[in-house]
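Given next are the chains, with one letter for each unit.
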Amino acid sequence: MRLRQIALVARELEPVVDDLSAVLGLEVCYRDPGVAEFGLHNALFAIGTSFLEVVSPTREGTTAGRLLERRGGDGGY
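A brief structural summary. (Residues numbered from 1 in each chain as written. Predicted model: local features only at pLDDT ≥ 70, side-chain atom pairs only at ≥ 80, totals over all residues. Heavy atoms only, no water.)

Observations regarding the sheet that holds strand S1 (residues 5-9)
Paired through their backbone hydrogen bonds, the strands of a sheet run either parallel or antiparallel.
Then, in step 1: The strand order S2-S3-S4-S1-S5 describes an open sheet built from 5 strands, whose pairing is mixed. Two strands close off the open sheet at either side, each with one partner strand: strand S2 (28-30) and strand S5 (75-76).
Then, in step 2: Where helix H1 (residues 13-24) meets the sheet, it contacts S1, S2, strand S3 (40-47) and strand S4 (50-57), and its direction lies at approximately 10 degrees from that of S3.
Then, in step 3: Each of S1, S3, S4 and S5 is contacted by helix H2 (residues 63-71), which is oriented at about 70 degrees to S1, the strand it contacts most. (Pairing = 2+ DSSP bridges. Helix = DSSP H or I, 4+ residues; strand = E, 2+ residues; numbered from the N terminus. Contact = heavy atoms within 4.5 Å. Axes fitted to C-alpha atoms, helices over the stretch in contact; angles between N-to-C directions.)

Some details on the pattern of salt bridges
Then, in step 1: Inspection of the entire model under this criterion finds 1 salt bridge.
Then, in step 2: Between Arg31 and Glu14 there is a salt bridge, with the nearest N and O atoms lying 2.9 Å from each other. Residue Arg31 is found in the loop between S2 and S3, and its partner Glu14 is found in helix H1; the two are separated by 17 residues along the sequence.
Then, in step 3: Look at Glu14 and you get partly exposed, because its relative accessible area is 34%. (Salt bridge = Lys/Arg side-chain N within 4 Å of Asp/Glu carboxyl O. Buried < 20%, exposed > 50% of the residue type's maximum accessible area, 1.4 Å probe, protein only.)

Digging into the environment of Ser56
Then, in step 1: Here Ser56 is to be found in strand S4.
Then, in step 2: Taking the C-alpha atoms as reference points, Ser56 and Val16, 40 residues apart in sequence, are found 9.9 Å from one another.
Then, in step 3: With near-sequence residues (within four places) excluded, Ser56 lies in contact with Ala10, Arg11, Glu12, Leu13, Gly39, Leu40 and His41.
Then, in step 4: Side-chain polar atoms of Ser56 contact the backbone oxygen of Ala10, separated by 2.8 Å.
Then, in step 5: From its side chain, Ser56 meets the backbone oxygen of Arg11 in a polar contact 2.9 Å long. (Polar contact = N/O pair within 3.5 Å; in protein donor to acceptor, adjacent residues only side chain to side chain.)

Any link to function would need more than the numbers given here.
What follows is the structure in structure tokens.
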């Protein structure tokens, strides 16, 4: 089995991006403008041939925002 991507959801994108960059020594490789259609912004990190993605809601009523509310904070998506 090959794991292609791990996705995280966060209330605030940039602090998580900064922490991941500092702790893992990674740089953002891509930000997908297409996720704006779903009320999100994101950052992707390449880890070998896999990706770590962090998404964050930019408006009310998103699936990601509802998940954050249910969980009470950041986590896996």
